[in-house]
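# Architecture at a glance
In case you want the letters, here they are:
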Amino acid sequence: MPGILVYATLGLALVLALRKPARRAFGAGPAFTLWLLPPLLALLPWLPSPPATWTTAPSLLVLPASTAIDELILPAGSTPHGVTLLWLIGVLGCVLRLALGYERVLRQSNPLPAGMLRALQADLGDLDPGRLRLHPAGPAVLWAPRSRVLLRPDFLGRFDAHERRLMLQHELAHLRRGDAWWSLLADLAAALLWFHPLVWLALPRLRLDQELACDDRVLRRAPQDERKYAHTLLHSAGMNIAPVLIPWLSEPQLKERLNMIQRHRPGTLRRRLGFIAMAAMMAGGAFATQALVPAQPDQPASADLSYNTLIQPHYPADAIKNNQQGTVILDVLVGADGKPRTVRAEPAPQVAASLVKAATDTAMLWHFHPTTRHGKAVEGHARVPVKFSLAPLPPAPPKGSSSF
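Residues numbered from 1 in each chain as written. Predicted model: local features only at pLDDT ≥ 70, side-chain atom pairs only at ≥ 80, totals over all residues. Heavy atoms only, no water.

### Quick notes on the pairing of strand S8 (residues 326-334)
Of all 9 residues making up S8, 7 are buried, and the element is well covered by its neighbours. Looking at chain direction, S8 and strand S13 (residues 380-388) are connected through 9 bridges and run antiparallel. Of the residues in S13, the one forming a bridge with Thr327 is Lys387. (Buried < 20%, exposed > 50% of the residue type's maximum accessible area, 1.4 Å probe, protein only. Helix = DSSP H or I, 4+ residues; strand = E, 2+ residues; numbered from the N terminus. Pairing = 2+ DSSP bridges.)

### What about the packing of aromatic side chains?
Two descriptors summarise a pair of aromatic rings, namely the distance from one centre to the other and the angle between the planes of the rings. All chains considered together, the criterion is met by 4 aromatic pairs. Taking 5.7 Å as the distance between ring centres and 55° as the angle between the ring planes, the aromatic pair formed by Phe155 and Phe159 counts as tilted. The pair Phe155 / Phe159 is uniform in exposure class, with both members buried. (Phe/Tyr/Trp six-rings, centres within 6.5 Å; stacked < 30°, edge-to-face > 60°.)

### Observations concerning the nonpolar core
If you look at the biggest cluster of nonpolar residues, it comprises 42 residues, and the most contacted ones within it are Leu120, Leu151, Phe155, Tyr229 and Leu233. It is helix H7 (residues 161-177) that provides the largest number of residues to this core, a total of 6 residues. Setting aside chain neighbours within four positions, we find Leu233 in contact with Trp248, Leu249, Leu254, Arg257, Leu258 and Ile261. Listed in part, the 26 residues of the second largest apolar core include Val15, Leu44, Leu193 and Leu208. (Core = buried A, V, L, I, M, F, W, Y, C linked by side-chain atoms within 4.5 Å. Contact = heavy atoms within 4.5 Å.)

### Thoughts on the packing of H7 against helix H10 (residues 226-235)
A pair of packed helices can be characterised by two numbers: the angle between their axes and the separation between those axes. The geometry of H7 relative to H10 is characterised by a closest axis approach of 10 Å and an angle of 90° between their N-to-C directions. Regarding the angle of H7 to H10, the classification is roughly perpendicular. Residues His162, Glu163, Leu166, Met167 and His170 of H7 touch H10, and the partners they reach there are Lys228, Tyr229, His231, Thr232 and His235. Taken together, the residues of the contact of H7 with H10 sort by class into 3 nonpolar, 5 polar and 2 charged. (Axes fitted to C-alpha atoms, helices over the stretch in contact; angles between N-to-C directions. Parallel < 35°, antiparallel > 145°, perpendicular 65-115°, else oblique. Nonpolar A, V, L, I, M, F, W, Y, C, P; charged D, E, K, R; others polar.)

### Topic: the pattern of salt bridges
Under the criterion given, the structure shown has 18 salt bridges. Between Arg23 and Asp209 there is a salt bridge, and its shortest N-O distance comes to 3.1 Å. With a gap of 186 residues between them, Arg23 in helix H1 (residues 2-26) and Asp209 in helix H9 (residues 197-221) connect regions that are remote in the sequence. As far as the burial class goes, Arg23 and Asp209 line up, both buried. A salt bridge links Glu256 to Arg23; the nearest nitrogen and oxygen atoms lie 3.4 Å apart. Of this pair, Glu256 sits in helix H11 (residues 254-262) while Arg23 sits in helix H1, placing them 233 residues apart in sequence. It is possible to trace a salt-bridge network through shared partners that takes in Arg19, Lys20, Arg23, Asp209 and Glu256. (Salt bridge = Lys/Arg side-chain N within 4 Å of Asp/Glu carboxyl O.)

### Considerations on unusual backbone geometry
For residues besides glycine, phi is generally negative; the peptide bonds are generally trans as well. Look at the link from Gly138 to Pro139: it is a cis peptide, with omega at -5°. In this fold, Pro139 is placed in the loop between strand S3 (132-134) and strand S4 (140-142). Although it is not a glycine, Asn323 adopts a positive phi angle of roughly 55°. With respect to the helices, strands and loops of the structure, Asn323 is situated in the loop between helix H14 (317-321) and S8.

### Section: the packing of H10 against H11
Close contact between H10 and H11 brings their axes to 10 Å; oriented N to C, the two are set at 175°. With respect to their mutual orientation, H10 and H11 come out roughly antiparallel. Across from Glu226, Tyr229, Ala230, Leu233 and Leu234 in H10, the residues of H11 making contact are Leu254, Arg257, Leu258 and Ile261. Considered class by class, the residues forming the contact of H10 with H11 number 7 nonpolar, no polar and 2 charged.

### Section: a nonpolar patch on the surface
Together, Leu36, Val95, Trp182, Leu185 and Leu188 make up a nonpolar patch on the protein surface, roughly 420 Å² of accessible area in all. At 3 residues, the largest contribution of residues to the nonpolar patch is made by helix H8 (residues 179-192). In this structure, Leu188 sits in helix H8. The exposure class assigned to Leu188 is partly exposed, which follows from its relative accessible area of 35%. (Patch = residues over 30% accessible without salt bridge, like charges linked within 9 Å, V, L, I, M, F, W, Y side chains within 5 Å. Areas by Shrake-Rupley, 256 points an atom, 1.4 Å probe, with all protein chains shown as cover.)

If you want it as structure tokens, here you go:
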């Protein structure tokens, strides 16, 4: 998780710094592709890496009739369960907010009346009329397994035929670009990183760039409609939106969208060069980031001492009778889930077979911290010495005493 967070932060910072220069140089469409950079960099820690080295766990001391050894101490850097719980509560809260907003929009939406559907039929193109719904927050696109276009109940009365055509073209462009799914992924990413201030700074800018790219697509096909398109934006100001929608217009976006319409937009060749430049920039950024950012140190598998000391091997009765002692070195193959896959004892002819069997049998019940590579849990090995001793522990010093 820390490695992913570092890479995602770098990606967000790069996008926030480059989005406006890229838009001026290549247009809104190529500039929007920059938002692929944060998830691309976040995937870098999952790339293969060399195997982690082995480590030897602290020796586990087994005495006759012992149940737990208080002297064993938890390793430093144990998982802060409180922090994880707080993060999960935040994630669940954000996801619940999205789910409730989505359910509320669905509940408030209704099918279009037949008369309204007939009036809009000529402007729908290849859109399935069943994907149109009435909702007070329209015009907007609702992300769903089958994305829907929401229109206001007064859509026919409030806007003239030319305005309606432009607004529907804008919503159809959202559907063809797959913007509803990108918005859903952005909302889910924000839920996972709810604690990160840069995410909440980036989210409205991603939505603005999405709208600018959609405006650019519509106006490239009908450049003669620029003036009417700007007038339509101004006419539709003041509409309410819901968090699960891609709205036709959000008030903070108005100035930027009007400025984009007034500016000269790059031609086709320049846009294509922009897409190539953005792809090269993202690939170069990924390689440079991987080279410059120190990788998260790999962690070898280690025993969960707080759990394992409660499940100690039973000292075999025949070993006690025969005064047999010794240390069994266990090689444990630990799965990504922290559970032992196989347990093998290293050859030690001087150690009784009953001690080896007692150690290996019990080790299959233990818990381990799995090997991590760049923050990802993977299968790996752990070495665990298990010392069987018939010598009693020295008495604990009395409280308040000191030794020199």
